[in-house]
Amino acid sequence: MSMIEVRYFAAARAAAGGTAREAIALPPRTEALTREQLAALLVSLHPDAPEGEPSLTQVLEQSSVLVDGVVLRDDDAPAVRAGTRVDVLPPFAGG
């Protein structure tokens with residue numbers, strides 16, 4: 001089974017029901033995912049936001065997604081492959 005590691009930070013963690021990190025299996029016969037496909041997979045795992053929190057869909061729309069430390073953009077070729085680490089970083093406030 002092909003797995004990726006996903007780490008959620010700040011609002012993304014809250015939207016994912018408090019999940020900080022999880023191992024996720026790539027869909028069968030999938031070599032790599034685009035950002036859009038990754039977002040759909042993550043939302044399918046966390047479809048309902050906890051009360052008072054934005055949905056994961058809303059958070060992902062505003063977040064940076066890093067694959068092994070490199071920003072994954074909407075128009076990038078599929079880059080999320082088995083064994084990669086994905087970080088979901090929503091905008092941070094404060095200073």
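Residues numbered from 1 in each chain as written. Predicted model: local features only at pLDDT ≥ 70, side-chain atom pairs only at ≥ 80, totals over all residues. Heavy atoms only, no water.

Locating Thr19 in the fold gives a position in the loop between helix H1 (11-15) and strand E2 (21-25). Discounting residues that sit within four places of it in the chain, Thr19 has contacts with Tyr8, Arg13 and His46. In this structure the side chain of Thr19 is engaged in a polar contact, spanning 3.0 Å, whose partner is the backbone oxygen of Ala16. (Helix = DSSP H or I, 4+ residues; strand = E, 2+ residues; numbered from the N terminus. Contact = heavy atoms within 4.5 Å. Polar contact = N/O pair within 3.5 Å; in protein donor to acceptor, adjacent residues only side chain to side chain.)

Moving on, we come to the nonpolar core. Counting 21 residues, the largest nonpolar core has Tyr8, Leu42 and Val86 as its most contacted members. Only strand E1 (3-8), H1, helix H2 (35-45), helix H3 (56-62), strand E4 (64-67) and strand E7 (85-89) provide two or more residues apiece to this core. Excluding anything up to four places from it in sequence, Tyr8 contacts Arg13, Ala16, Thr19, Ala20, Glu22, Ile24, Leu42, His46, Leu56 and Val88. (Core = buried A, V, L, I, M, F, W, Y, C linked by side-chain atoms within 4.5 Å. Buried < 20%, exposed > 50% of the residue type's maximum accessible area, 1.4 Å probe, protein only.)

Next up on the list: the side chain of Thr84. Mapped onto the elements of the fold, Thr84 is located in the loop between strand E6 (80-81) and E7. In terms of polar contacts, Thr84 uses its side chain to reach the backbone carbonyl oxygen of Arg81, at 2.7 Å. Apart from the residues lying within four places of it in its own chain, the contact partners of Thr84 are Met3, Ile4, Glu5, Val67, Asp68 and Ala79.

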